[in-house]
Amino acid sequence: MNYKIALIPGDGIGPEVVAETVKVLEKVSQKYGHTFEYTEVLAGGCAIDATGACLPQETIDICKASDAVLLGAVGGWQWDTLPGDQRPERALLGLRKELGLFANLRPALLFDELADACPLKPEIVEGGLDLVVVRELTGGIYFGEKGFKDTDLGPAAYDVEQYAEEEVRRIAVVAFDMAMKRNKKVTSVDKANVLESSRLWRRVVAEVAKDYPEVALDNLYIDNATMQMVRYPKQFDVIVTSNIFGDILSDEASMITGSIGMLPSASLAKGNFGMYEPVHGSAPDIAKQNKANPMATILSGAMMLRYTFGLSEEAEAIEAAVKQILAEGYRTPDIYTDGKKAIGTKEAGDLIAAAI
Ligand SMILES: NC(=O)C1=CN([C@@H]2O[C@H](COP(=O)(O)OP(=O)(O)OC[C@H]3O[C@@H](n4cnc5c(N)ncnc54)[C@H](O)[C@@H]3O)[C@@H](O)[C@H]2O)C=CC1
Ligand SMILES: CC(C)CC(=O)C(=O)O
Ligand SMILES: [Mg+2]
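Each chain has its residues counted from 1, following the order in which its sequence is written. Chains carry letters and ligands carry numbers; both start at the beginning, A for chains and 1 for ligands, and go up in the order they are written. In view of the model being predicted, local features appear only for residues whose pLDDT reaches at least 70, and side-chain atom pairs are presented and counted only at 80 or more, with totals across whole chains, interfaces and linings using the full set of residues.

With numbering aligned to this structure, UniProt lists the feature "binding site: substrate" (unreviewed entry) at Arg96, Arg106, Arg135 and Asp223. Spanning 128 residues, the named residues are also spread out in space, since their farthest C-alpha pair is 26.6 Å apart. Remark: residues whose backbone-derived C-beta atoms lie within 7 Å of one another are considered to be in contact. Among all residues touching Arg96, those that are not within four sequence positions of it are Leu101, Leu137, Thr138 and Ser267. If we skip the residues at most four places from it in the chain, Arg106 touches Val132, Val133, Arg135, Ser250, Leu263, Ser265 and Val279. UniProt positions are given in the numbering used here, feature names are shortened, and annotations may be inferred rather than shown by experiment.

In the vicinity of ligand 1 there are 22 residues, among which Gly75, Gly261, His280, Gly281 and Asn293 approach most closely. Throughout this entry, Asp, Glu, Lys and Arg are counted as charged residues, while Ala, Val, Leu, Ile, Met, Phe, Trp, Tyr, Cys and Pro are counted as nonpolar. The remaining residues, Gly among them, count as polar. Of the residues belonging to the shell around ligand 1, the class tally is eleven nonpolar, seven polar and four charged. We call a residue near a molecule or strand if the C-beta atom, set from the backbone, is within 6 Å of it.

Only DSSP runs of H or I reaching four residues or more are called helices, and only runs of E reaching two or more are called strands; each is numbered from the N terminus. Each residue after the first adds 1.5 Å to the expected span of a helix. Taking 1.5 Å of rise per residue, the 17 residues of helix H5 (residues 165-181) would be expected to cover 24 Å, and the 25 Å separating its terminal C-alpha atoms lies within 8% of that figure. Inspection of H5 places Glu167, Val168, Ile171, Ala172, Val174, Ala175, Phe176 and Ala179 among the buried residues, and these make up the whole buried set. Taken together, the buried residues of H5 touch strand S4 (103-110), strand S5 (129-136), strand S8 (185-190), helix H6 (196-209) and strand S10 (238-241). Exposure is read from a count of other C-beta atoms within 10 Å of each residue's own; the residue is exposed at 12 or fewer, buried at 20 or more and partly exposed in between. C-beta atoms are placed from the backbone.

Before going further, it helps to spend a moment on the nonpolar core. Across soluble globular proteins, nonpolar side chains show a tendency to be buried alongside one another. Put simply, a nonpolar core is buried Ala, Val, Leu, Ile, Met, Phe, Trp, Tyr and Cys residues tied into one set by C-beta atoms within 7 Å. Residues Ala43, Val134 and Ala175 are the most contacted members of the largest nonpolar core, which totals 105 residues. Here the element with the most residues in this core is helix H9 (residues 295-307); it accounts for eight residues. Counting only domains with at least three residues in this core, you end up with domain 1 (1-104 + 270-356) and domain 2 (119-256). Ignoring any residue separated from it by four or fewer positions in sequence, one finds Ala175 in contact with Val134, Val186, Val238 and Val240. Domain limits in this description derive from either an automatic procedure or a database domain assignment.

Here we take up unusual backbone geometry. Positive phi is not limited to glycine here, since Lys184 has a value of about 55 degrees. A positive phi angle, near 60 degrees, is found at Lys288, a position not held by glycine. With respect to the helices and strands, Lys288 occurs in the loop between strand S12 (274-276) and H9. Looking at Lys288, the number of C-beta atoms within 10 Å reads 12, which means it is exposed.

A few words now on the environment of Val74. Examined against the element boundaries, Val74 turns out to sit in the loop between strand S3 (68-73) and helix H4 (89-98). Judged by the 31 C-beta atoms lying within 10 Å of it, Val74 is buried. In contact with Val74, other than residues within four places in its own chain, are Gly10, Asp11, Gly14, Ala43, Gly44, Gly45, Pro88, Glu89, Ala91, Leu92 and Ser282.

Attention now goes to the packing of helix H1 (residues 14-32) against helix H10 (residues 312-327). Two numbers describe a pair of packed helices, the interaxial angle and the distance between the axes. Viewed as axis vectors pointing N to C, H1 and H10 meet at an angle of 130 degrees, and their least axial separation amounts to 11 Å. Regarding the angle of H1 to H10, the classification is oblique. Seen from above, H1 lies across H10 with right-handed handedness. Between H1, through Val24, Val28 and Tyr32, and H10, the contact on the second element is made entirely by Glu314, Ala317 and Ile318. Its residues placed into classes, the contact of H1 with H10 shows five nonpolar, no polar and one charged. Note on method: axes are straight lines fitted to C-alpha atoms, helices fitted across the in-contact stretch only, with angles between N-to-C directions ranging 0 to 180 degrees. These descriptions rest on fixed angle ranges, namely under 35 degrees for roughly parallel, over 145 for roughly antiparallel, 65 to 115 for roughly perpendicular, and the rest for oblique. The sense of a crossing depends on the near helix, which, turned anticlockwise from the far helix by less than a right angle, makes the crossing left-handed and, turned clockwise, makes it right-handed.

With that settled, consider the domain arrangement of the chain. You can read the domains of the chain as domain 1 (1-104 + 270-356) and domain 2 (119-256). Domain 1 puts eight residues into the contact, and the matching count from domain 2 is 14 residues. The set of elements that each furnish at least two residues to the side of domain 1 that touches domain 2 consists of H4 and S4. If you tally residues by element for the side of domain 1 that touches domain 2, the top one is H4, at three residues. The class makeup of the residues in the side of domain 1 that touches domain 2 is five nonpolar, one polar and two charged.

Before going further, it helps to examine the site of ligand 2. Inspection of the region around ligand 2 gives Glu89, Leu92, Leu93, Asp247 and Val279 as its neighbouring residues. Looking at the shell around ligand 2, the element that brings in the most residues is H4, giving three residues.

Attention now goes to the environment of Ile318. Tracing the backbone shows Ile318 in helix H10. Once the C-alpha coordinates of Ile318 and Ile286 are considered, the two residues, 32 residues apart in sequence, prove to be 25 Å apart. Non-local contacts of Ile318, meaning those with residues more than four positions away in its chain, are made with Val24, Val28, Ile298, Gly301, Ala302 and Ile356.

Here the focus is the packing of H10 against helix H11 (residues 345-355). Their axes nearest at 8 Å, the elements H10 and H11 cross at an angle of 120 degrees. As far as their axial angle goes, H11 and H10 are oblique. The crossing of H10 and H11 is right-handed. Here H10 contributes Ala321, Val322, Gln324 and Ile325 to the contact with H11, which in turn contributes Leu351, Ile352 and Ala355. Classifying every residue of the contact of H10 with H11 gives six nonpolar, one polar and no charged.

Laid out in structure tokens, this is it:
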């Protein structure tokens, strides 16, 4: 089969990790006889520099005409002084909204092979860790009304957290459907003791839960949830939460799995369309030094094969190749521990491609 992939390398380490993912996808294509047709497009700081806009219309059009999108990351220090509505990160929000990507799946999987890089005591994560954060991606405070106003205390800025019932319902359905395929447990995370939007969230999630009598539903406040994540993460299976809380919780979960350089994600629309992106950002501190861990993006590529193209065997081949090189002791700097074999971004891509 022929699959059209829009590639958005973006900024910082984005181009480096996307290049290694393409290397791995090409190996999959050779082995399994698929054709991946890539169209590279601009978004983020590089798009601002080239065109003056962080998200050119051409990028949106090409993404919509593709079967799936693979994104590295956007943003960087050189654009930090731009006004908020012109920053590179706006491209990411714009893409998510334009493409209708309301469901962000962020699995946090501690590979047995990487137990040495987990900062928690071995007995806490004994038997592994496998949870998924189902993050609402096109609503909440990242998309609410924002602006500036004068107050009694002087000039102020505001961002509004708002959720429509339907936005909560559709992400809750994704979470419960996923729970049915996993361990039939959902933890909904909110701040319903303080926020009106969270009270609506909690009520709608409870309504959706009635359609899934086999699934156990827990509610946690976000402050407690962040603490529980490091105290005993194995209590979680599917976590469903808002845009901002999911953003924060998934970065926290990533550290338990060794590094943010390991965590993939799928941003899904209704149907099979999706944008696949690592959980991390553009990491300007390590860009262009062959230090970035490309595995989060390579594993995002595997999610693309599984969710959008329905190629489970090929996705598993990528995941097995990642595990193999970890088992062989290869480590990028972010997951390096004494006695292991130090490698860089390119070597990681080469080794994973070779292991396919
Ligand atoms: N999806 C996206 O495009 C995202 C973009 N950003 C943007 O990225 C820029 C940097 O943001 P930060 O807060 O520093 O977050 P970040 O995720 O880029 O980096 C945080 C830390 O993790 C490390 N790190 C990240 N990815 C890594 C990888 N693959 N391998 C090894 N180490 C890795 C970095 O070196 C840094 O020390 C900002 O402009 C931010 O807005 C942030 C998050 C998501
Ligand atoms: C850069 C932000 C727009 C989003 C973010 O941090 C994320 O999606 O992980
Ligand atoms: Mg984030």
